Amino acid sequence: DPVMLEVFNNLFMSIAEQMGATLANTAYSVNIKERYDFSCAIFDANGDLVANAPHVPVHLGSMSDSVRTVLRQNAGKIRPGDVFMMNNPYNGGTHLPDVTVITPMFDEAGQNIIYTVASRGHHADIGGTTPGSAPPDSRHIDEEGVVFDNFLLVANGRFRAAELHNELVSAKHPARNPAHNIADCKAQVAANERGRQLILEMVEQYGI
């Protein structure tokens, strides 16, 4: 039905746009709040892109790989309320300041993943040999900052602030202001939660 196809096309894109509005409103860093250097998107249970808002194309082109990696590496172990964090360029990331927060979304029974929502934001600094985490003379990825690969950011609804802070400060070249990173990660979790709630409303109205 071409009419309903267009209805859902706009519904999904609207949800991604509202995720972006939540992220911009709640983020700490200037990069996200004022420069809008972020992207939000909705993926299916396999990590394939369903819809995205017109944010930053370079983010959206590779975000599916990050989502697929998280779903694959945690297959059978993901629980409702879990949220993951990724910036590894070898698994769909871009450069290290672009941090992706991924929220698998379960059905009402909490048994099966029906969608995945994700947001990628450019953090002001994630460590490395130079402020801003983009040294032109780096020879190893650790010199660009802290690498997160399949990091459990929220466990069963609990934001793991202490564990995240430890990761940010214990790296070879630690983040310069971990409190800012944590604040932006919380904003990304909030954006994903907004998307999750809106998708649930859509499912409630139209069915899965």
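We now turn to the structure provided with this report. The model shown is predicted, which means the values in this text are computed figures rather than measured ones. (Residues numbered from 1 in each chain as written. Predicted model: local features only at pLDDT ≥ 70, side-chain atom pairs only at ≥ 80, totals over all residues. Heavy atoms only, no water.)

## Digging into the overall build of the chain
Each helix and strand counted, the chain has five helices and seven strands in total. Element order for the chain, N to C, with α for helix and β for strand: α-α-β-β-α-β-β-β-β-β-α-α. Computed over C-alpha atoms, the radius of gyration of the chain comes to 17 Å, within 12% of the 17 Å expected from 2.2 N^0.38 for 208 residues, which places it in the range of a compact globule. Once the C-alpha set of the chain is aligned to its principal axes, its extents read approximately 55 × 35 × 25 Å. For the chain, buried positions account for 48% of its 208 residues. For the chain, the computed accessible surface area is about 9800 Å², with 51% contributed by carbon and sulfur atoms. (Helix = DSSP H or I, 4+ residues; strand = E, 2+ residues; numbered from the N terminus. Rg over C-alpha atoms; globule rule 2.2 N^0.38 Å. Buried < 20%, exposed > 50% of the residue type's maximum accessible area, 1.4 Å probe, protein only. Areas by Shrake-Rupley, 256 points an atom, 1.4 Å probe, with all protein chains shown as cover.)

## Section: the nonpolar core
One finds F12, I15, L23, F38, I42, Y115 and I199 to be the most contacted residues of the largest nonpolar core, which totals 21 residues. Contributing elements (two or more residues each) for this core: α1 (2-26), β1 (38-44), β5 (113-122) and α5 (178-206). Tallying contributions element by element places α5 first for this core, with six residues. If sequence neighbours within four positions are ignored, F38 has contacts with G20, L23, A24, I32, H55, V56, H59, R120 and G121. One finds V146, L153, V154 and C185 within the second-largest nonpolar core, a separate group that totals 18 residues. (Core = buried A, V, L, I, M, F, W, Y, C linked by side-chain atoms within 4.5 Å. Contact = heavy atoms within 4.5 Å.)

## A closer look at the pairing of β5
The side chains of a regular strand alternate between both faces of the sheet. Where burial is concerned, most of β5 is hidden: nine out of the ten residues are buried. Pairing of strand β4 (residues 98-106) with β5, which is carried by nine bridges, proceeds in the antiparallel orientation. Looking at β5, one finds that P104 is bridged to T116. The turn joining β4 and β5, which pair antiparallel and follow one another in sequence, is formed by six residues; a positive phi near 75° is taken by G110. (Pairing = 2+ DSSP bridges.)

## Section: α1
The end-to-end C-alpha separation of α1 is 36 Å, in line with the 36 Å expected for 25 residues at 1.5 Å each. All of the buried residues along α1 are F12, I15, A16, M19, G20, T22, L23 and A24. Check the buried side of α1 and you find it contacts α2 (30-33), β1, β2 (49-52), β5 and α5. (Expected span 1.5 Å × (residues − 1).)

## A look at the environment of R79
Among the secondary structure elements, R79 is positioned in the loop between α3 (57-73) and β3 (83-86). A relative accessible area of 41% means that R79 is categorised as partly exposed. Residues R79 and G61, 18 residues apart in the sequence, show an inter-C-alpha distance of 27 Å. Not counting residues within four places of it along the chain, the set of residues in contact with R79 comprises F106, A155 and N156.

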